[in-house]
Amino acid sequence: AQTVTQSQPEMSVQEAETVTLSCTYDTSESDYYLFWYKQPPSRQMILVIRQEAYKQQNATENRFSVNFQKAAKSFSLKISDSQLGDAAMYFCAYRSADSGTYKYIFGTGTRLKVLA
Amino acid sequence: NAGVTQTPKFQVLKTGQSMTLQCAQDMNHNSMYWYRQDPGMGLRLIYYSASEGTTDKGEVPNGYNVSRLNKREFSLRLESAAPSQTSVYFCAGSRTDYNSPLHFGNGTRLTVT
């Protein structure tokens, strides 16, 4: 079974600085999808970025980018020019591309604090 | 656009009471899910419905039942609530495409006393 591990329960970053959140996963599959979700205090779950395993190019969405290392099974999220509004819980998630598989597996989350 | 709508937003139950959490989506999602979120444990899958007419157990199904009433609606029922079911519950939906992200409702905070 696949697992997703976020080893940093909490991180802090100074406003305007850069922070990297770690995510590792365990799978024997070669094709899959990875996602980062943000959960602000409002409790809403917001998709931040997604990565397809067969694409070598790292995904980027404005100030958010990933460092996807398939061999190391690592999928870290980099937030550049951190803003106060980035303070939230961040969850990493995995979905198999195997036919008939519908589950999304989540890590335990990292709480990001942004210091003014 | 309504997206994924969950009701209620908050609920307090006494041990042994029953209730149903409602979820409806207007995003034409084939698959729908129920997760629970507990501190330090992330989101854990309770049940999911890959398509209309099918339901399957997730990681933590004990104490829950689900109904996929139609393509739009997927309800979660607690027959006899227990304090261990105190949690935040999320409904979510997705298309069948493998790269489709989950779209979440706003969650239900349930407290069982």
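Before reading further, recall that the structure is shown in the block above.
Since this is a predicted model, take the numbers as computed values, not measurements.

1. Some points on the overall build of chain B
Okay, step 1: Looking only at helices and strands, chain B has zero helices and eleven strands in total.
Okay, step 2: Seen in sequence order, chain B has helices and strands lined up from the N terminus as β-β-β-β-β-β-β-β-β-β-β.
Okay, step 3: For the C-alpha atoms alone, the extent of chain B along its principal axes is close to 40 × 30 × 25 Å.
Okay, step 4: For chain B, buried positions account for 50% of its 113 residues.

2. Thoughts on the packing of aromatic side chains
Okay, step 1: A full pass over the atoms with the stated rule returns 17 aromatic pairs over all chains.
Okay, step 2: Relative to Tyr 89 of chain B, the ring of Tyr 64 of chain B has its centre 5.9 Å away and its plane inclined at 65 degrees; by these criteria the two rings are edge-to-face. Of this pair, Tyr 64 of chain B sits in strand S7 (residues 64-68) while Tyr 89 of chain B sits in strand S9 (residues 87-94), and the two are 25 residues apart along the sequence. Accessibility assignment for this pair places Tyr 64 of chain B and Tyr 89 of chain B in one class, buried.
Okay, step 3: When the ring centre of Phe 10 of chain B is taken as reference, the NZ or CZ atom of Arg 43 of chain A above it lies at 5.3 Å.

3. Here's the deal with the pairing of strand S8 (residues 64-69) of chain A
Side-chain direction in a regular strand flips from residue to residue, so the side chains alternate between the two faces of the sheet.
All names here are of chain A.
Okay, step 1: In terms of strand pairing, strand S7 (residues 60-61) meets S8 through two bridges, oriented antiparallel. Bridged to Thr 60 within S8 is Ser 65.
Okay, step 2: If you look at the hairpin formed by S7 and S8, you'll find two residues sitting between the two strands, and Asn 62 has a positive phi there, around 55 degrees.
Okay, step 3: As judged from the six bridges shared by S8 and strand S9 (residues 74-79), these two strands associate in the antiparallel manner. Looking at the pairing, Phe 64 lines up with Ile 79 of S9.
Okay, step 4: Joining the antiparallel neighbours S8 and S9 is a turn of four residues, in which Lys 73 adopts a positive phi near 55 degrees.

4. Brief notes about the pattern of salt bridges
Residues and elements named next belong to chain A.
Okay, step 1: Inspection of the entire model under this criterion finds seven salt bridges over all chains.
Okay, step 2: Note that Asp 26 is salt-bridged to Lys 73, the shortest N-O span being 3.8 Å. Placement of the pair is Asp 26 in strand S4 (residues 24-26) and Lys 73 in the loop between S8 and S9, with a sequence separation of 47 residues.
Okay, step 3: For Lys 73, a relative accessible area of 26% gives the class partly exposed.

5. Description of the environment of Gly 53 of chain B
Okay, step 1: Note that Gly 53 of chain B resides in the loop between strand S5 (42-49) and strand S6 (56-57).
Okay, step 2: Once the C-alpha coordinates of Gly 53 of chain B and Lys 71 of chain B are considered, the two residues, 18 residues apart in sequence, prove to be 8.4 Å apart.

Criteria and cut-off values
Starting afresh in each chain, residues are numbered from 1 along the sequence in its written order. Naming scheme: in the order in which they are written, chains are lettered from A and ligands are numbered from 1. Local features in a predicted model are, by the rule used here, given only for residues with pLDDT of at least 70; side-chain atom pairs are given and counted only at 80 or more, and totals for whole chains, interfaces and linings are based on all residues. Based on all heavy atoms of the structure, the side-chain values leave hydrogens and waters out of the count. Secondary structure elements follow DSSP: runs of H or I no shorter than four residues count as helices, runs of E no shorter than two count as strands, and numbering proceeds from the N terminus. Each residue is placed in one exposure class: buried if its accessible area under a 1.4 Å probe, protein chains only, is under 20% of its type's maximum, exposed if it is over 50%, and partly exposed if it falls in between. Here is the rule: rings of Phe, Tyr and Trp (six-membered ring for Trp) pair when centre to centre is within 6.5 Å. Planes less than 30 degrees apart are stacked, more than 60 are edge-to-face, and the remainder are tilted. Counting as a charge over the ring demands two things of the Lys NZ or Arg CZ atom: a distance within 6 Å of the ring centre and an angle within 35 degrees of the ring normal. In this description, strands pair whenever DSSP reports at least two bridges between them. Any carboxyl oxygen of Asp or Glu that lies within 4 Å of a side-chain nitrogen of Lys or Arg is treated as forming a salt bridge with it.

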